[in-house]
Each structure stands twice: as C-alpha cells, then as structure tokens.
Amino acid sequence: MITYREPEGKDAEAELAFLRVVGGESDNLNFGKEGLPLSVEEEATLLSDHNPLAGYRLSAFLEDGSVVGDIHIRRGKRRTAHTADLGIAVCKAYWGKGVSSTLMRNLIIWCKDNGVTKINLQVREDNLHAKAFYAKCGFTKEGMVRRLFLIDGVYFDGEAWGLLL
C-alpha cells in the first residue's frame, strides 16, 4: 500500500535514499546517482519548514517508510508569486502504476487552494514518456530550452511546459 503525504524531518534519510535511487535510474533529472549534496540533518531542516509561500512537497511512501515518488514545487516571489516550478520523480519499479498521476493530481489541488495559477516545468526534449504524461495532465509546450542538460560531456536540449490553473 502507498501512502501520500508531506514528508517530515523524520523522513530525511528515506528521501535522500530515494533521490539516489531515481538519480541512478534516469538521465532525465537534474542530478544523478549521487542524489543531492545534502546531509540528513540539512534535509531534515528543509523538510521541517512547511512554508506554503515557498513551496510544497508530497511524497509516496511504502509501509516500510521508503519513498517511491516525490513531487514538489518552488513558488515564485513578488510579481511571480502566482507561479511555481515543478519537479517530479518516481522509482522505475513504480512507473505506470498511477503514482505520478496521484502525485500530480494532489499537487494541482494544493496549488489551486494556495493561489498558484501557473505551474512551470522543464523536460528533456527527447523524454517522450514524460511529455505524454504532462500533456495528459493538461500542460502545454511553451518553448525550447537549449543545452538544458550536460551529461558526460553531451548537451541535451529541453522544453518549457506550463499549466494554467
């Protein structure tokens, strides 16, 4: 059974382990198998700060406390406070099982309830699976992003997508 909830400080180790797993499974994220350069203590501090003016994070937890999916937004400031930049990742073993859809559906509800009227994201141009998912969720392509990723000395272009709420 999967439980969806906001991660808390006590989930820091599981969250960092999840990021290392998904980073190693895909070249479609802005980090690799090293995960994020945060200590457990630093991640715990970040997770303990539930400030809706800064953003929102929702994770998919298994019964053993491990994380299999995560979605988050970082809100804009001042004149862009109505916007939010989105990131989402799901463990490969859970692709096609509804985890991404559940995370996205809940995030969109949160955004509507908290004054976010535009969600932005960037995706690799060649990530057809993700682009199909974003289109299914109502996002539309808004433009190109040249050299979005640099992986092993090779540049990959991306696309900017948005969802008006």
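Residues numbered from 1 in each chain as written. Predicted model: local features only at pLDDT ≥ 70, side-chain atom pairs only at ≥ 80, totals over all residues. Heavy atoms only, no water.

1. Some words on the environment of Glu15
- Tracing the chain through its elements places Glu15 in helix α1 (residues 12-25).
- Separated by 29 residues in the primary sequence, Glu15 and Ala44 place their C-alpha atoms 9.4 Å from one another.
- Not counting residues up to four positions away in its chain, the partners in contact with Glu15 are Pro7, Glu43, Leu47, Arg57, Ser59, Phe61, Val67 and Asp70.
- Polar side-chain contacts of Glu15 include one of 2.9 Å to the side chain of Arg57. (Helix = DSSP H or I, 4+ residues; strand = E, 2+ residues; numbered from the N terminus. Contact = heavy atoms within 4.5 Å. Polar contact = N/O pair within 3.5 Å; in protein donor to acceptor, adjacent residues only side chain to side chain.)

2. Thoughts on the packing of aromatic side chains
- Applying the stated criterion to the full structure yields 4 aromatic pairs.
- Ring centres of Phe133 and Tyr134 lie 5.7 Å apart, and the angle between their planes is 55 degrees; on these two criteria the pair is classed as tilted.
- Judged by centre distance (6.4 Å) and plane angle (55 degrees), the rings of Tyr134 and Trp161 are tilted. Taken as a pair, Tyr134 in helix α4 (residues 128-136) and Trp161 in strand β7 (residues 154-164) lie far apart in primary sequence, 27 residues in all. The burial state of Tyr134 is the same as that of Trp161; both residues are buried.
- Grouped by ring-pair contacts, the aromatic residues Phe133, Tyr134, Phe139 and Trp161 constitute a single cluster.
- Sitting over the ring of Phe156, Arg124 keeps its end group 3.8 Å from the ring centre. (Phe/Tyr/Trp six-rings, centres within 6.5 Å; stacked < 30°, edge-to-face > 60°. Buried < 20%, exposed > 50% of the residue type's maximum accessible area, 1.4 Å probe, protein only. Lys NZ or Arg CZ within 6 Å of the ring centre and 35° of its normal.)

3. Examining the packing of helix α3 (residues 99-113) against α4
- It is the contact of α3 with α4, at a shortest axis distance of 11 Å, that shows an interaxial angle of 40 degrees. Of the possible angle classes, the one that applies to α3 and α4 is oblique. Note that α3 runs across α4; the crossing there is right-handed. Counted together, Ser100, Ser101 and Met104 of α3 and Phe133, Tyr134 and Lys136 of α4 form the full contact between these two elements.
- Across the contact of α3 with α4, the residue classes tally to 3 nonpolar, 2 polar and 1 charged. (Axes fitted to C-alpha atoms, helices over the stretch in contact; angles between N-to-C directions. Parallel < 35°, antiparallel > 145°, perpendicular 65-115°, else oblique. Left-handed = near helix turned anticlockwise from the far one by under 90°. Nonpolar A, V, L, I, M, F, W, Y, C, P; charged D, E, K, R; others polar.)

4. Points about the side chain of Lys131
- In this structure, Lys131 sits in helix α4.
- For Lys131, the residues in contact, after removing those within four places along its chain, are Val123, Arg124, Glu125, Glu159 and Trp161.

5. Concerning the pairing of strand β4 (residues 83-90)
- Burial analysis of β4 places 7 of its 8 residues in the buried class, the great majority of the element.
- As judged from the 7 bridges shared by strand β3 (residues 67-75) and β4, these two strands associate in the antiparallel manner. Along β4, the bridge assignment pairs Ile71 with Ile88.
- Sheet topology note: the β4/strand β5 (residues 118-124) ladder contains 3 bridges and is parallel. Its bridge partner being in β5, Thr83 is matched across the sheet by Lys118.
- The β-α-β motif built from β4, the intervening α3 and the parallel element β5 has right-handed crossover chirality. (Pairing = 2+ DSSP bridges. Right-handed = clockwise from strand over helix to strand, strands pointing away.)

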